[in-house]
Protein chains: 2
Amino acid sequence: MSLEPLRRPRRLVPGDRVAIVSPASPFPPGGLDAGLEVLRGWGLEPVVMPGAAATTGYLAGADGDRAVGFAKAWLDPSFAAVIASRGGYGSQRMIEHVDWEALASVEPKAFVGFSDMTAVHEAVALELGTASIHGPMPSWTQFAENPVVQEHLRLALFEPERAQWIASATATTMRGGTATGVTFGGTLTLLAAEAGTLHHRRDVAGGLLLLEDIGEAPYRIDRALTQLRRAGYFDGIAGVVLGSWVDCGPYEEVREVLYDQFFGRAIPVVEEFGFGHCAGALTIPLGLKATLDADAGTLEFAEPALR
Amino acid sequence: MSLEPLRRPRRLVPGDRVAIVSPASPFPPGGLDAGLEVLRGWGLEPVVMPGAAATTGYLAGADGDRAVGFAKAWLDPSFAAVIASRGGYGSQRMIEHVDWEALASVEPKAFVGFSDMTAVHEAVALELGTASIHGPMPSWTQFAENPVVQEHLRLALFEPERAQWIASATATTMRGGTATGVTFGGTLTLLAAEAGTLHHRRDVAGGLLLLEDIGEAPYRIDRALTQLRRAGYFDGIAGVVLGSWVDCGPYEEVREVLYDQFFGRAIPVVEEFGFGHCAGALTIPLGLKATLDADAGTLEFAEPALR
């Protein structure tokens, strides 16, 4: 077995309603306004789901309530996409409260988010067999203020043909070569925190692994990578696409850890590709076939991310 | 199945040689001297294993070399115990380089350590079926300077009958009652980072779970607990013994996370029991049957920790 491309949801068109959900931490009061304006500027009608503005400490309400909010958004045919308001922490507490079987019975839709949403992307892939969009979230200042970030997400959602070929301006080659495989991954510590659970992938052979993180010291990055390696999460992968490591200490030290874990695998590895928590973060589809050119610093998808 | 008591190594006597190993991070130059003096004061002859003083960044030498140092100490019949110099990070990188089958073929011996050594305790339990000692390490200032910490470890090693009954001066009841089971656990994030690997326990039913950590914000504690819960690491446990949470933020916030995960289980839970990274840390045997009295704040072992 190896990773196969997942089902593609339909693309967005002006006039579409999109649901805003909070599977993890709450957004600050008013923190969504600028982002919603951006969505409205694209002709979308964003609807903040009931409960999505709740705050219970670092969680956006109770686990069960966050799950209900997410499930309602997915099951409601009037929504063309489900967009997370922000990350933070909490998706892993919510996941097991979702009735995935019910969600699998309806048309797939685009899910957008990153960071803590990595756990949701994994569940959407494993439970729903559906491709999703690793992209910025409306409460993030980059989403609200950076036209490049906005435009890359907009293209992925509305004109995905134009975002099939992703050229990174910042990428450098850790190990050259090209590799074709299905994209998967996201935020390192979230992927590591899935290990041992029902939503941990057992088979990633042939996959193109994406990794990035924020606020993790090099030894913590090492620990998470070591856990994933021991759990088989790198077995047979075709290539590695490394994003940003914001607030993780000197990049040289981070790089040493990444190099130690990946260089010896004799597969293409590109670093500083420019996705994750960095300024100007790129939008990258998950669950679809792409070719990584680690020399050129490009990722070319075989199909548009959305139908 | 449920957790069964493990084999007990023999106790120490004056004149014994003990091996000092570094499975994780290096100790600073001279950082072992005071601790070794304590051991010598007990009539022991501590031997720092070749390579145990190596430094490669945050690791005490290469993974394979650290494994060799640990294995040599275990296999050498002239050593009565194996004591870790310090924790830090790295045991999980070393574990798979150890030939556990070879170690299983010789007489068990006492292993002493905590923190990053949690991963070694787990491997000693799973691979060697041997009880071990969650206790202070020679490079720690508490080991070198705190007579209470020293005496509790000395009793556990030399006169374990006198350390069978552990009364905590600081313990408070989170949920009352008594429970009898086999002790297991250690540092939370280390246990979480074992999930999904070959050294993650599949069956902990009937166990008394020990947990503590250092330098982890409440949401990180939540994440690690959530991972362990989802991985089945709390399934059927008989009781919980919570230690210290040094540098983890306000204890009230930490406590809320612990309460959220454990109170609803309707099993005895004691908190602030006084083991881990705190001043005056108690020594607690792992892999042996004990009775937790969560009202009295005591842990009474059915047998001495060492034969």
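These numbers were taken from a predicted model, which means no experiment stands behind them.

So what's going on with a negative patch on the surface? Residues and values would help.
All names here are of chain B. Taken together, the side chains of Glu-252, Glu-253, Glu-256 and Glu-272 define an acidic patch exposed on the protein surface. Within the secondary structure, Glu-253 is located in helix 10 (residues 251-262). When its relative accessible area of 43% is taken as the criterion, Glu-253 is described as partly exposed.

Run through the domain arrangement of chain A, naming residues and quoting values.
All names here are of chain A. Split by domain assignment, chain A resolves into domain 1 (17-163) and domain 2 (165-301). Between the C-alpha centres of domain 1 and domain 2 the distance comes to 22 Å. Roughly 2,300 Å² is buried in total at the junction of domain 1 and domain 2, and carbon and sulfur atoms are behind 58% of that figure. Of all residues in domain 1, Glu-122, His-134 and His-152 bury the most surface against domain 2, accounting for 29% of the area lost on that side. The interface formed by domain 1 and domain 2 includes 13 residue pairs in polar contact (both at pLDDT 80 or more). Contributions of two or more residues to the side of domain 1 that touches domain 2 are made by helix 5 (118-128), strand 5 (132-134) and helix 7 (147-158). It is helix 5 that provides the largest number of residues to the side of domain 1 that touches domain 2, a total of eight residues.

So what about the relation of the copies chain B and chain A? Which residues, and what values?
Placing chain B over chain A gives an RMSD of 0.0 Å and needs a rotation angle of 180°, together with 0.0 Å of translation along the axis. Taken together, the rotation and translation relating the two chain copies correspond to the operation of a two-fold axis. Residue Gly196(B), judged by its C-alpha, is the member of chain B lying nearest the rotation axis, at 1.9 Å. An overlap of 100% is found between the interface residues of chain B and their copies at the interface of chain A, pointing to a shared contact surface.

Tell me about empty space enclosed by the protein, and name the residues and values.
Counted by the stated rule, this structure contains nine cavities of 30 Å³ or more. Looking at the largest cavity, its volume works out to about 220 Å³. Lining the largest cavity are 16 residues; nearest its centre among them are Thr189(A), Arg223(A), Gln227(A), Thr189(B) and Arg223(B). Residue assignment for the lining of the largest cavity shows that the elements contributing at least two residues are helix 8 (188-192) and helix 9 (218-230) of chain A together with helix 8 (188-192) and helix 9 (218-230) of chain B.

Please give an account of the packing of aromatic side chains that cites residues and values.
All chains considered together, the criterion is met by 22 aromatic pairs over all chains. With a centroid separation of 5.8 Å and 70° between ring planes, the pair formed by Tyr58(B) and Tyr89(B) is classed as edge-to-face. Residue Tyr58(B) is located in the loop between strand 2 (45-48) and helix 2 (63-75), and its partner Tyr89(B) is located in the loop between strand 3 (79-84) and helix 3 (91-94); the two are separated by 31 residues in the primary sequence. Here the aromatic residues Phe70(A), Trp74(A), Trp100(A) and Phe111(A) are joined through ring pairs into a cluster of three or more. Sitting over the ring of Phe263(A), Arg175(A) keeps its end group 4.4 Å from the ring centre.

Got a sec to walk through the sheet that holds strand 11 (residues 269-271) of chain B? Specific residues and values, please.
Remark on secondary structure: sheet strands pair via backbone hydrogen bonds, oriented parallel or antiparallel. Residue and element names in this part refer to chain B. Spatially, the eight strands line up as an open sheet ordered 6-14-13-8-9-10-11-7, and their pairing is mixed. In this open sheet, the two strands that pair with only one neighbour each are strand 6 (165-167) and strand 7 (172-175). Each strand of the sheet is rotated relative to its neighbour by a mean of 30°, with strand direction disregarded. Two strands pair when backbone bridges link them, and strand 8 (residues 178-187) and strand 13 (residues 289-293) are joined in this way by five bridges, in the antiparallel orientation. Bridge pairing in strand 13 links Gly-181 to Ala-290.

The rules we used
Residues numbered from 1 in each chain as written. Chains lettered and ligands numbered in written order. Predicted model: local features only at pLDDT ≥ 70, side-chain atom pairs only at ≥ 80, totals over all residues. Heavy atoms only, no water. Patch = residues over 30% accessible without salt bridge, like charges linked within 9 Å, V, L, I, M, F, W, Y side chains within 5 Å. Areas by Shrake-Rupley, 256 points an atom, 1.4 Å probe, with all protein chains shown as cover. Salt bridge = Lys/Arg side-chain N within 4 Å of Asp/Glu carboxyl O. Lys, Arg positive; Asp, Glu negative; His and termini not counted. Charge placed at Lys NZ, Arg CZ, Asp CG, Glu CD. Helix = DSSP H or I, 4+ residues; strand = E, 2+ residues; numbered from the N terminus. Buried < 20%, exposed > 50% of the residue type's maximum accessible area, 1.4 Å probe, protein only. Domains from an automatic or database assignment. Buried area = accessible area lost by both parts, 1.4 Å probe. Polar contact = N/O pair within 3.5 Å; in protein donor to acceptor, adjacent residues only side chain to side chain. Least-squares fit on C-alpha atoms with pLDDT ≥ 70 in both. Contact = heavy atoms within 4.5 Å. 1 Å grid on protein atoms, 1.4 Å probe; cavity = no way out; pocket = protein on both sides within 12 Å on 5 of 7 lines; lining within 4 Å. Points joined across faces, edges and corners; volume = space filled by probe spheres on them. Phe/Tyr/Trp six-rings, centres within 6.5 Å; stacked < 30°, edge-to-face > 60°. Lys NZ or Arg CZ within 6 Å of the ring centre and 35° of its normal. Pairing = 2+ DSSP bridges. Axes fitted to C-alpha atoms, helices over the stretch in contact; angles between N-to-C directions.

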